[in-house]
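Spelled out from the first residue to the last, the chains are:
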Amino acid sequence: MKKHRIAVIPGDGIGLEVIDAGKKVLETLVESYPSVGFEFKDFDWSSKRYLEKGQYIPDGGIEELKTFDAIYFGAVGSEEVPDHISLWDLRLKICQGFDQYANVRPARVLPGVTSRLQHADKIDWVIIRENSEGEYSGNGGRVHQGLPDEVGTEVSLFTRKGIERIHRFAFDMAMSRPRKKLTLVTKSNAQRHGMVLWDEIFFEVAKDYPEVEINRELVDAVTTTMVLKPERLDVIVATNLHADIISDLAAALSGSLGIAPTANLNPSGEFPSMFEPIHGSAFDITGKGIANPIGAFWTAVMMLEHLGEQTLAERLMAAVEEVIGSGLQAPDLGGKATTREITDAVCASIREKASVAA
Ligand code: NAD
Ligand code: MN
């Protein structure tokens, strides 16, 4: 039997609730289809750990993480720790440390989900977010702290290598999809250095992909296209910050932040890739048992695809779509179902489909 070793980092808040649910559906999947197995190892890397021990990731933690086939991550963020500390000390340490430079964020409206957008059925996008540099490269500083002349700078850093590899990844993604369309999103009218380099390298790389239909939009304008003409978009490539923002919009337009998944990929395979729902730790609903676990389930589907378990991925997605399509939905989608009820229903659907197939 093939065993995949998965490092599980639930993190904080509803991260713990949805990742626990995600593990349950993955375990049910392998019970029903026993040719594959998972070996999960839980890591308590969280704000709780930071407050108790002063570190999110213990010494040697990153070395240990390297030995896993994939990382299943919940969310990090606590009311007791400034967000820039939790983000940089845990999530970004893994993403950047393992050179997970391609962040993939699919968005489409699942069956049974009502979007606030009239033409939401036209949403079928994959947003490719550059995940290793740009606005989140950590450069900048503060001088004259606390004085009237205080200055803070936030310097975006873009490299030819970093830009070229994300564009190639995005073109490959476009080639794998029926419509083969790719939209370049920048702000190269106002930002005239790194953004212009993004544009230039995009058009250089485009020469290698004559079948891909390309266009470009400024980041402010693309938000209006997303809302008013969603059918114009297919694959979108954008910088770390821009794609962070437009992918939350994409999630909301396709129903809720609670259903959207993402993969942080190290495409060379040198280090493990990390899979997580795009939402955060959601202080407002933590502990209430009503977090929507669909984002964590769809994330697990992406992880299965990455592990080469295409059939299992399709089976899990089919169970998710069946349950959500039946109207059993969490409060963020206007329903009343709890995390537990949705999880149990997805597990039941997996078992039922497996027994029909057997
Ligand atoms: P959030 O995603 O935690 O919550 C935004 C809103 O969406 C809240 O009203 C929340 O209840 C709702 N929501 C999110 N996920 C949901 C789910 N699965 N089911 C139902 N409703 C859901 O974003 P925020 O409030 O801006 O941030 C809270 C904390 O999470 C902060 O500390 C922030 O830094 C952190 N954060 C972490 C990540 C991450 O770990 N990748 C991402 C975003 C935010
Ligand atoms: Mn975000």
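The rules behind the values
- Residues numbered from 1 in each chain as written.
- Chains lettered and ligands numbered in written order.
- Predicted model: local features only at pLDDT ≥ 70, side-chain atom pairs only at ≥ 80, totals over all residues.
- Helix = DSSP H or I, 4+ residues; strand = E, 2+ residues; numbered from the N terminus.
- Rg over C-alpha atoms; globule rule 2.2 N^0.38 Å.
- Contact = placed C-beta atoms within 7 Å.
- Expected span 1.5 Å × (residues − 1).
- Buried ≥ 20, exposed ≤ 12 C-beta atoms within 10 Å, placed from the backbone.
- Arc of directions from axis to C-beta.
- Near = placed C-beta within 6 Å.
- Core = buried A, V, L, I, M, F, W, Y, C linked by C-beta atoms within 7 Å.
- Domains from an automatic or database assignment.
- Nonpolar A, V, L, I, M, F, W, Y, C, P; charged D, E, K, R; others polar.
- Pairing = 2+ DSSP bridges.
- Axes fitted to C-alpha atoms, helices over the stretch in contact; angles between N-to-C directions.
- Bend = angle between axes of the 7 residues up to and from the residue.
- pLDDT = per-residue confidence, 0-100.

### Looking at the overall build of the chain
Thought 1: Each helix and strand in the chain was counted, giving eleven helices and twelve strands.
Thought 2: Its C-alpha atoms give the chain a radius of gyration of 20 Å, within 12% of the compact-globule value 21 Å for 358 residues.
Thought 3: Looking at the chain alone, contacts between residues at least 24 apart form 76% of all its contacts between residues at least 6 apart.

### A short note on helix α8 (residues 240-253)
Thought 1: Between the first and last C-alpha of α8 there are 20 Å, a value that for 14 residues agrees with the 20 Å anticipated at 1.5 Å per step.
Thought 2: Restricting attention to buried positions, one finds in α8 the residues Asn240, His242, Ala243, Ile246, Ser247, Ala250, Ala251 and Leu253. The buried residues of α8 occupy one face: seen down the axis, they fall within an arc of 160°.
Thought 3: One or two steps after α8, the chain reaches Gly255, where phi turns positive at roughly 135°.

### Digging into the site of ligand 1
Thought 1: In the vicinity of ligand 1, 22 residues are found, and the nearest of them are Gly77, Gly258, His279, Gly280 and Asn292.
Thought 2: For the shell around ligand 1, the elements supplying multiple residues, two or more each, are α1 (14-32) and α4 (83-97).

### Description of unusual backbone geometry
Thought 1: In this model, His144 sits at a positive phi of 55°, which is unusual for a non-glycine residue.
Thought 2: Looking at the secondary structure, you find His144 in the loop between β6 (134-143) and β7 (151-157).
Thought 3: In this model, Ala282 sits at a positive phi of 45°, which is unusual for a non-glycine residue.
Thought 4: Looking at the secondary structure, you find Ala282 in the loop between β12 (273-277) and α9 (294-306).
Thought 5: Ala282 gets classed as buried once you count the C-beta atoms within 10 Å, which come to 22.

### Focus: the nonpolar core
Thought 1: With 101 residues, the main nonpolar core has Ile71 and Ile128 as its most contacted residues.
Thought 2: Per-element tally for this core: the top contributor is α9, with nine residues.
Thought 3: Residue assignment places this core across two domains, with domain 1 (1-101 + 259-358) and domain 2 (115-254) each supplying three or more.
Thought 4: Those residues in contact with Ile71 that lie beyond four places of it in its chain are Ala7, Ile9, Leu65, Ile94, Pro272, Met274 and Phe275.

### Brief notes about the domain arrangement of the chain
Thought 1: Domain annotation for the chain reports domain 1 (1-101 + 259-358) and domain 2 (115-254).
Thought 2: Distance from the C-alpha centre of domain 1 to the C-alpha centre of domain 2: 25 Å.
Thought 3: Counting residues at the interface gives ten residues for domain 1 and eleven residues for domain 2.
Thought 4: Examining the composition of the side of domain 1 that touches domain 2, we find that three residues originate from one element, α4, more than from any other.
Thought 5: In terms of residue class, the side of domain 1 that touches domain 2 is built from six nonpolar, three polar and one charged.

### As for the sheet that holds strand β1 (residues 2-11)
Thought 1: The ten strands lie next to each other as β2-β1-β3-β12-β11-β4-β5-β10-β8-β9, forming an open sheet whose pairing is mixed. Among the strands making up the open sheet, the edge pair consists of β2 (36-42) and β9 (213-218). When strand polarity is set aside, the average angle formed by the axes of neighbouring strands in this sheet is 25°.
Thought 2: The pairing of strand β4 (residues 102-108) with strand β5 (residues 124-130) spans seven bridges and is antiparallel. Bridged to Asn103 within β5 is Arg129.

### A look at α4
Thought 1: Bending of α4 peaks at approximately 40° at the position of Arg91.
Thought 2: Of all the positions in α4, only Ser86, Leu90, Arg91, Ile94 and Cys95 are classed as buried.
Thought 3: Asp99 sits one or two residues past α4 and shows a positive phi near 45°.

### Re the environment of Thr28
Thought 1: Along the chain, Thr28 turns up in helix α1.
Thought 2: Measuring from C-alpha to C-alpha, the distance between Thr28 and Ala348 comes to 8.7 Å, with 320 residues separating the pair along the chain.
Thought 3: What Thr28 contacts, discounting residues up to four positions off in sequence, is Cys347, Ile350 and Arg351.

### Some words on the confidence of the model for the chain
Thought 1: Averaged over the chain, the pLDDT score is 96; the fraction of residues at 70 or greater is 100%.
Thought 2: Our summary of model confidence lists the complex with pTM equal to 0.96 and ipTM equal to 0.98.

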